[in-house]
Amino acid sequence: MIHSYLVRVYYQDTDAGAIVYHSKYLDFAERARSELLVEMGLSNKKLIEQGVAFVLRNANIQYKAPARLDDVIDVQTSVKEIKNASLVMQHKFVVEGKEMVSIELQLAVINPMTLTPIRMTQDLKEKFTRYILENEENK
């Protein structure tokens, strides 16, 4: 299952050439993940109140083509892997059917008060499981 989040590119998101500034894709990915949580019946605020937060551990970004001012980007988010204290998410940024950027993020699960790693609850794992991508070898 893939979660879709649409974002319009505003002037503030671009460089002097009206092309999306490279770091903005991480901002867009964060918004898409937050909306995914809302769709799951959660929110970052609720999770933090329960002693759970996600922090970025690693990012692999592939820039394929530039998105531009006024484009509407479909940020397609899926979960590639769930572990006990982390998960890997894939974000594809698509404009008019063309993939512009791909980001694979490894997120660690931490206690926001102590900033130490914690295990993800079974309930949370099950909610993320809906968004697991099938491995290529299983297709």
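Okay, so let's go over this structure. Note on numbering: residues in each chain are counted from 1, in written sequence order. Only residues with pLDDT of at least 70 are given local features in this predicted model, and only at 80 or more are side-chain atom pairs given and counted; all residues enter the totals for whole chains, interfaces and linings. The side-chain values count all of the structure's non-hydrogen atoms but skip hydrogen atoms and water molecules.

If you look at the biggest cluster of nonpolar residues, it comprises 18 residues, and the most contacted ones within it are Tyr25, Phe28, Ile73, Val75 and Phe93. Pairs of residues are marked as contacts when any of their non-hydrogen atoms sit within 4.5 Å. Ignoring sequence-local partners within four residues, the contact set of Phe28 consists of Val7, Asp13, Val20, Ile73, Val75 and Phe93. Core analysis: the next-biggest nonpolar cluster, separate from the first, contains 16 residues, Leu42, Leu47, Val79 and Val109 among them. The criterion is simple. A nonpolar core is a set of buried Ala, Val, Leu, Ile, Met, Phe, Trp, Tyr and Cys residues joined through side-chain atoms within 4.5 Å. A simple rule labels every residue: compare its accessible area, found with a 1.4 Å probe on the protein chains alone, to the largest value its type can have, and call it buried under 20%, exposed over 50%, or partly exposed in between.

With that out of the way, let us pick up the pattern of salt bridges. Whenever Lys or Arg places a side-chain nitrogen within 4 Å of a carboxyl oxygen from Asp or Glu, that contact is recorded as a salt bridge. Applying the stated criterion across every chain, the model contains 7 salt bridges. The shortest N-O distance in the salt bridge between Lys83 and Glu81 comes to 3.7 Å. Its relative accessible area of 42% is what places Lys83 among the partly exposed residues. Glu81 gets classed as partly exposed once you look at its relative accessible area, which sits at 35%. In this structure, the salt-bridge partner of Asp123 is Lys127, at a minimum N-O distance of 3.9 Å.

With that settled, the discussion passes to the packing of aromatic side chains. Side-chain rings of Phe, Tyr and Trp (the six-membered ring for Trp) are treated as a pair once their centres are within 6.5 Å; stacked means planes under 30 degrees apart, edge-to-face means over 60, and tilted covers the remaining angles. If you walk through the whole model with that rule in mind, you get 4 aromatic pairs. Taking the centre distance of 5.2 Å and the plane angle of 80° together, the rings of Tyr25 and Phe93 count as edge-to-face. Of the two residues, Tyr25 is situated in helix α1 (residues 24-39) and Phe93 in strand β4 (residues 86-95); the sequence distance between them amounts to 68 residues. On the basis of relative accessibility, which here comes to 2%, the residue Tyr25 falls in the buried class. Given a relative accessible area of 0%, Phe93 falls into the buried group. Plain terms: the ring middles of Phe54 and Phe128 are 5.7 Å apart, the flat faces sit at 85° to each other, and that makes the pair edge-to-face. Linking Phe54 in strand β2 (residues 53-63) with Phe128 in helix α3 (residues 122-129), this pair joins segments that are 74 residues apart in sequence. For the pair Phe54 and Phe128, one class covers both residues: buried. Among the aromatic residues, those joined into a cluster by ring pairs are Tyr25, Phe28, Tyr63 and Phe93. Helix and strand assignments come from DSSP, with helices taken as H or I runs of at least 4 residues and strands as E runs of at least 2, each series counted from the N terminus.

Moving on, we get to the side chain of Arg33. Structurally, Arg33 can be placed in helix α1. Other than its neighbours up to four places away in sequence, Arg33 contacts Met89, His91, Leu105 and Leu107.

Honestly, it's all geometry; don't read function into it.
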